[in-house]
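Given next are the chains, with one letter for each unit.
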Amino acid sequence: MDQISEVKQKADIVEVIGNYVTLTKAGRNYKGLCPFHSEKTPSFMVSQELQLYKCFGCGQGGDVFAFLQNIEGIDFAQALEQLAEKTGVKLERAQYDPEAGKKKLLFEINHLTAEFYHYLLTRHPSGKNALDYLKNKRKLSGEAVKEFKLGYAPETWDTVYQFLLKKKYDPNDMADAGVIVRKSSGQGYIDKYRGRIMFPFTGMDEKIVGFSGRTVLDRDPKYLNTGETAIFHKSSFIYGLNKAKVAIKQSGAVFVEGPVDVISAYQAGIRNVVATSGTALTAMQLKLIARYTEDAIFCFDSDTAGAAAIQRAIELAEKEDLNVKVVIVPDKYADLDDYIKADPQGAKAAIKNPVPVYDFFVADALKKNNKESALGKKKIMEELGQKFSKVTSSVLLDHYIKLVSKELNLDTETVHGILSGKSKPDADNLSEEKDEIRNEGYTLSKRSPQEYLIALLLKTPLDTAQSILYKLAQKDFTNPVLQEIFTELKEYNLGRKRKFDIKYFSNTLSEENQNSVNELYLWDVEHITEEPRRLEIELETAFARIKRETAKKELKELTDKIKQAELEKNTKLVGELSEKFKNISERLL
Ligand SMILES: [Zn+2]
């Protein structure tokens, strides 16, 4: 840790600001009258958890240094000096570019740590069980273990910490690299990874930027990854890209779920395979891939989480104008790794010949529902109706109409109606939503419902938040930053059983998203979030508003399409689109 962070950590923002402003507790935050503009009701918020302040009246905000600079009219160096003195930190003047020096140090620490873990796995008795597991159970060769520099973090408290101390590294730097963590007591450090098989994250320049550690003791989480550091940004990191880039240029990028799948494919001679690690696919990762290829091929596990991940990946990839294809792992295999081990030739062929994304939609819908029952058929058709609503090619549509009617033993007319969006499997229950739309909370009038909903969700009890997040989709958020935050929040919350932790969540985000989330967290919505009934109403209202905006947007797009179809004198299409228009606008009444 550098001295700036050290000072910041030691100086509590609530205490510092408390010297100038009378702060009162407001739920999880503090509030008071803004010292930077004149006001009668407090709109000046301070968060102890995030160590940030923000005035929603005049827009002033920042960390403890920013506050001192602004209130005292001093510059950053002076603010730093003042606080350093108060907190008893002795400042040394840096002789070099602090950022570059820091990064070099983190790379060094990661490199040594990776070498050390690799040694423990391959040559030390403590790594024997882990090595046996990799070789016998995961069927990885010694060569692959070496090539990907896999390692073992022993089940001890501070082996890496002691190792790096002997090499004269500062514990603050080790912690900044993410290989050790501060003890929960606040005193001293322990290794971050214990009892885990280690997968180093290697960047495009072959330097190690971080780690993923898989538990060998069935601990939660199964995979523990490096958080954001000065050299590791998970939303733009792609595991295996350093080795796969040439093959990707030739045959497209195959995305798999985790490091083991990548290594296993590599070992089988399939070299165009990469993985996202510890995060669902992001737009940034796809932008990076788009530099090498136009073809994004997805191969995720065949469980529901895997199917959901594919759905999301498809939406994102279509936005980046990538050609999307899917490798379907047959049901009898748990994942690609399994498939490769059991049937290497079959797996290779499947990866070489990925199927159009619509095959995946059909297979997925059939798998999730019982196609023999009437209700199952209805569900399948509902799902497919949505997926196929974007298909404009009548050849494609015809192909799938025949396929689906055969699978479900349904009349082609019926299937045609639904897949082409002309009829619905069943009338939607929308009257409730209409009531919600009319019931507009006053708070909303001032703020965008998208922002407002996220601000509320950050302080909503987990189960309620989960149920709302579940019902929302990316398309419901028009602002790209909010869209990303929503996606991250959904992912974070849906996989979570314990309490929401703002600091933890915020730290997983990119800088831009982090700033926005922090600001939303500072919104003064406590009078709502602390009152369950009120919260419920506001959540419902914001939710309904957002859905209505989505519907309006869809109508606008349809209007453009109808105009275009009219110009082209395509009466069939005009009819179809008008029908859709009618359906959506009825929802808005
Ligand atoms: Zn202000």
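Along each chain, residue indices are assigned from 1 in the same order as the chain's sequence is written. pLDDT decides what is reported in this predicted model: residues at 70 or higher carry local features, side-chain atom pairs at 80 or more are listed and counted, and totals for whole chains, interfaces and linings draw on all residues regardless. Excluding hydrogens and water, the side-chain figures rest on all heavy atoms present in the structure.

Under an unreviewed UniProt entry, the name given to the chain is DNA primase, and the source organism is candidate division WWE3 bacterium GW2011_GWA1_41_8. UniProt positions are given in the numbering used here, feature names are shortened, and annotations may be inferred rather than shown by experiment. Taken verbatim from the UniProt record of the chain, the Sequence similarities (unreviewed entry) comment is "Belongs to the DnaG primase family." What UniProt records for the chain under Subunit (unreviewed entry) is the sentence "Monomer. Interacts with DnaB."

1. Description of the overall build of the chain
Put simply, DSSP H or I for four residues or longer makes a helix, DSSP E for two residues or longer makes a strand, and each gets a number counted from the N terminus. For the chain, the count of helices and strands is 29 helices and 16 strands. The atom set for the radius of gyration is the C-alpha atoms, and the globule formula is 2.2 Å times the number of residues raised to the power 0.38. Over its C-alpha atoms the chain spans a radius of gyration of 27 Å, differing by no more than 12% from the 25 Å that the globule rule assigns to 589 residues. Each principal axis of the C-alpha atoms in the chain carries an extent, and together these give about 80 × 70 × 40 Å. Under the scheme applied here, a residue whose accessible area is under 20% of the maximum for its type counts as buried, over 50% as exposed, and between as partly exposed, the area being computed with a 1.4 Å probe on protein chains only. Within the chain, the fraction of its 589 residues that count as buried is 49%. His residues and chain termini do not enter the charge count, which takes Lys and Arg as positive and Asp and Glu as negative. In this description, the location of a charge corresponds to atom NZ of lysine, CZ of arginine, CG of aspartate or CD of glutamate. Of the side chains in the chain, 87 bear a positive and 87 a negative charge, and the two mean positions are spaced by 3 Å.

2. Quick word on the layout of surface pockets
Whether a set of points on the 1 Å grid over the protein atoms alone is a cavity depends on a 1.4 Å probe fitting there but being unable to get out, while an open set qualifies as a pocket with protein on both sides within 12 Å along at least five of seven lines; lining residues are those with an atom within 4 Å of a point. Grid points are joined across faces, edges and corners, and a volume is the space filled by probe spheres set on the points. Estimated volume of the second largest pocket: approximately 320 Å³. Lining the second largest pocket are 17 residues, with Gly203, Met204, Ser236, Phe237 and Leu288 sitting closest to its centre. At 3 residues, helix α12 (residues 283–290) tops the list of elements feeding residues into the lining of the second largest pocket. Looking at side-chain class alone, the lining of the second largest pocket contains 10 nonpolar, 4 polar and 3 charged residues. Note that the domain bounds were set by an automatic or database domain assignment. Of the domains in this structure, domain 2 (98–232) and domain 3 (241–360) are the two that each give at least three residues to the lining of the second largest pocket. Think of it as three bins: nonpolar holds Ala, Val, Leu, Ile, Met, Phe, Trp, Tyr, Cys and Pro, charged holds Asp, Glu, Lys and Arg, and polar takes everything else, Gly as well.

3. Structural notes on the sheet that holds strand β5 (residues 61–62)
Here we have 5 strands laid out as an open sheet, ordered β1-β2-β3-β4-β5, and antiparallel in their pairing. Of all strands in the sheet, those bounded by a partner on one side alone are β1 (24–26) and β5. Should DSSP find at least two bridges between two strands, the strands are regarded as paired. Pairing analysis gives 3 bridges linking β1 to strand β2 (residues 29–32), with the strands arranged antiparallel. Among the inter-strand pairings, Ala26 is bridged to a residue of β2, identified as Asn29. Against the sheet, helix α26 (residues 511–522) makes contact with β2, β3 (44–47) and β4 (52–55), and its axis sits at roughly 65 degrees relative to β4, the strand it touches most. Contact between two residues is taken to exist if any of their heavy atoms lie within 4.5 Å; hydrogens are not considered. Think of each axis as a best-fit line through the C-alpha atoms, taken over the contacting stretch in the case of a helix, with angles from 0 to 180 degrees between the N-to-C directions.

4. Here we look at empty space enclosed by the protein
By rolling a water-sized probe across the atoms, one finds the places where empty space is left. All chains considered together, the criterion is met by 1 cavity of 30 Å³ or more. Elements represented by at least two residues in the lining of the largest cavity include exactly α10 (241–251) and α11 (259–267). For the lining of the largest cavity, the leading source of residues is α11, giving 3 residues. Along the lines of polarity and charge, the residues of the lining of the largest cavity split into 7 nonpolar, 1 polar and 2 charged.

5. Comments concerning the domain arrangement of the chain
Parsing the chain into structural domains produces domain 1 (3–87), domain 2 (98–232), domain 3 (241–360), domain 4 (369–419) and domain 5 (431–565). Relative placement of domain 2 and domain 4: their C-alpha centres are 49 Å apart.

6. What about the coordination of the zinc ion?
Because no water is among the atoms considered, metal sites can look incomplete, with donors defined as N, O and S atoms within 2.8 Å of the metal, or 3.2 Å for Na, K and Ca. Protein ligation of the zinc ion involves Cys34 (SG), His37 (ND1), Cys55 (SG) and Cys58 (SG), the donor distances falling in the range 2.1 to 2.3 Å. The geometry test gives tetrahedral to four donors whose angles all lie between 85 and 135 degrees, gives square planar to four donors and octahedral to six donors whose opposite members are over 155 degrees apart with all other angles between 65 and 115, and gives irregular to the rest. Coordination at the zinc ion is tetrahedral, judged from the 4 donor atoms that bind it and the angles of 102 to 120 degrees they form at the metal. One chain supplies every donor for the zinc ion, spaced along it as C-x2-H-x17-C-x2-C.

7. Focus on the packing of aromatic side chains
Centre distance within 6.5 Å is the pairing criterion for rings of Phe, Tyr and Trp, where only the six-membered ring of Trp is used; planes under 30 degrees apart are then read as stacked, over 60 as edge-to-face, and the remainder as tilted. Counted under the stated rule, the structure contains 32 aromatic pairs. Aromatic ring contacts, followed pair by pair, group Phe148, Phe201, Phe232, Phe237, Tyr239 and Tyr266 into a single cluster. Positioned over the ring face of Tyr521 is Lys459, at 4.9 Å from the centre of the ring. The criterion for a charge sitting over a ring is simple: Lys NZ or Arg CZ within 6 Å of the ring centre, and within 35 degrees of the ring normal.

8. Structural notes on the UniProt feature "coiled-coil region" (unreviewed entry) in the chain
The residues that UniProt annotates with the feature "coiled-coil region" (unreviewed entry) are residues 541–568. Secondary structure over residues 541–568 splits into 96% helix and 0% strand, and the C-alpha atoms at its two ends are 41 Å apart.

9. Structural notes on α11
Buried residues dominate α11, accounting for 8 of its 9 residues. Those residues of α11 that sit buried are Pro259, Val260, Asp261, Val262, Ile263, Ser264, Ala265 and Tyr266. At the exit of α11 stands Gly269, carrying a positive phi of roughly 90 degrees.

10. Here's the deal with the packing of helix α22 (residues 449–457) against helix α28 (residues 532–567)
It is the contact of α22 with α28, at a shortest axis distance of 9 Å, that shows an interaxial angle of 145 degrees. As α22 runs across α28, the sense of the crossing is left-handed. Between α22 and α28, the contacting residues are Pro449, Gln450, Tyr452, Leu453, Leu456 and Leu457 on the first element and Leu535, Glu538, Leu539, Ala542, Phe543, Arg545, Ile546 and Glu549 on the second. Its residues placed into classes, the contact of α22 with α28 shows 10 nonpolar, 1 polar and 3 charged. Here is the rule for handedness: rotate from the far helix to the near one, and if that takes an anticlockwise turn smaller than a right angle the crossing is left-handed, while a clockwise turn gives right-handed.

11. Considering the nonpolar core
Core analysis: the largest hydrophobic core is formed by 62 residues, its most contacted members being Leu150 and Tyr239. Among the elements that make up this core, the one with the highest residue count is helix α5 (residues 98–123) (8 residues). Contact partners of Leu150, with chain neighbours within four places excluded, come to His118, Leu121, Leu134, Leu140, Val145, Met198, Phe199, Pro200 and Ile263. Counting 44 residues, the second largest nonpolar core, distinct from the first, contains Ala253, Val404, Leu408 and Ile418. Only buried Ala, Val, Leu, Ile, Met, Phe, Trp, Tyr and Cys residues count toward a nonpolar core, and they belong to the same one when joined by side-chain atoms within 4.5 Å.

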